[in-house]
Amino acid sequence: MFNLWSSPTVTGCGFYGNSAMQGGGMYNDWDSSPQVRSSTFRGNSASNAGGGMFNDATSPTLTDVTFSANEAVNGGGLYNFNASNCILTGATFSANSAQDGSGMFNDSSSPTLTDITFSANTAQVSGGGLYNAASSPTLTNVTFSSNTAQDRGGGMYNFDFSSPTLTDVTFSDNTALKGGGMFNDGSSPAVQNCLFESNHATYGGGMYNTSSSPTVMSCTFENNLGYDGGGMYNINSSSPVLTGSSFGNNYAVWGGGGMYNIYSSPTLNTVIFRSN
């Protein structure tokens, strides 16, 4: 489906096995604001971006929508571009694949995500679950579980001054070379009441920060694993600010079971390190 200056209402529909250069299942272009409810995008593909759906300067509303087994170079499930600030509630992204941003790729876009699950998505490079480039989405009650990136950000990758806001978000069993749960590159997310549990990476099992200054409040890093920095890895003038958070039972093969700092100056207030 291609929508240009159009706002269809789509309920209980299925988009299966479709293909295109962009938006294998659906392409929404210029001021199109479709409402998609209780629908499924499965097995669609795009030779460029947005295997399931591609949004360009549009803000669709997606409720109880499933994106599964879609594939693209970027944004296997969903690609948001050019201030596409869509609203997603109760959606699931599972088993999608891409080079970057297997579940969702945000490019200069800031969607709102509530009650969303990213699971078992696989990226050849970065952002197994979610990839943000110059984007600041808002996430509430979102789960990233068992996502994989071969390089950076098994659960989430933030790049190019991205500043997402995360509240009550869980990162569990995600895997990457760097930043099993989250990788921040020149970005400053605000992370509150979040859980990083049982994520794995060579560097930064829970979180990896390079030239980044995230704000971490009332978060838990537990049972994460890394060669360096089981819980968190900070490098290249990173200055995260942590308040009221805890690091427990994280493990590093070499150094920094809880936290590893190199050329960085984090600020810690009422932070507990236990049994790392």
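Cut-offs used in this document
- Residues numbered from 1 in each chain as written.
- Predicted model: local features only at pLDDT ≥ 70, side-chain atom pairs only at ≥ 80, totals over all residues.
- Heavy atoms only, no water.
- Pairing = 2+ DSSP bridges.
- Helix = DSSP H or I, 4+ residues; strand = E, 2+ residues; numbered from the N terminus.
- Axes fitted to C-alpha atoms, helices over the stretch in contact; angles between N-to-C directions.
- Buried < 20%, exposed > 50% of the residue type's maximum accessible area, 1.4 Å probe, protein only.
- Contact = heavy atoms within 4.5 Å.
- Core = buried A, V, L, I, M, F, W, Y, C linked by side-chain atoms within 4.5 Å.
- Salt bridge = Lys/Arg side-chain N within 4 Å of Asp/Glu carboxyl O.
- Disulfide = S-S within 2.5 Å.

Trainee: Where do I start with the sheet that holds strand β17 (residues 104–107) in this structure?
Mentor: Each strand in a sheet pairs with another by means of backbone hydrogen bonds, the pair being arranged parallel or else antiparallel. On the basis of which strands lie adjacent, the open sheet formed by eleven strands has the order β1-β5-β9-β13-β17-β20-β23-β27-β31-β35-β39 and parallel pairing. Each edge of the open sheet carries a strand with a single partner, namely β1 (2–4) and β39 (259–262). Pairs of neighbouring strands in the sheet enclose a mean axial angle of 5 degrees, with direction left out of account.

Trainee: For this particular structure, what's the right way to read the environment of Thr138?
Mentor: Among the secondary structure elements, Thr138 is positioned in strand β21 (residues 138–145). Given a relative accessible area of 33%, Thr138 falls into the partly exposed group. Sequence-wise, Thr138 and Ala98 are 40 residues apart; in three dimensions their C-alpha atoms are separated by 23 Å. In contact with Thr138, not counting residues within four places along its chain, are Pro111, Thr112, Leu113 and Thr165.

Trainee: Would you take a moment to explain the nonpolar core for this structure?
Mentor: Within soluble globular proteins, side chains that are nonpolar generally end up buried alongside one another. In terms of nonpolar packing, the biggest core is built from 39 residues, with Leu88, Phe93, Leu139, Phe144 and Leu166 touching the most fellow members. Elements that contribute at least two residues to this core include exactly β18 (112–119) and β21. With near-sequence residues (within four places) excluded, Phe93 lies in contact with Phe67, Leu78, Leu88, Gly103, Met104, Ile116, Thr117, Phe118, Ser119 and Asn121. Judged by nonpolar contacts, the second largest core, of twelve residues, contains Tyr27, Phe54, Tyr79 and Tyr157.

Trainee: Please explain the pattern of salt bridges as it appears in this structure.
Mentor: If charged atoms from side chains of opposite charge come close, those side chains can pair. Per the counting criterion, the structure on display carries one salt bridge. Ionic pairing is found between Asp151 and Arg152, a salt bridge with its closest N-O pair at 3.2 Å.

Trainee: In this structure, what is going on with the state of the cysteines? I would like to understand it.
Mentor: Here, the word disulfide means a covalent bond between the sulfur atoms of two cysteines. Going through the model one piece at a time under the given rule, you end up with zero disulfides. Of all cysteine sulfurs, the one in Cys86 lies closest to Cys13, which takes part in no disulfide; the gap is 18 Å. In this structure Cys13 comes out as partly exposed when scored by relative accessible area, which is 33%. For Cys86, a relative accessible area of 0% corresponds to the buried category.

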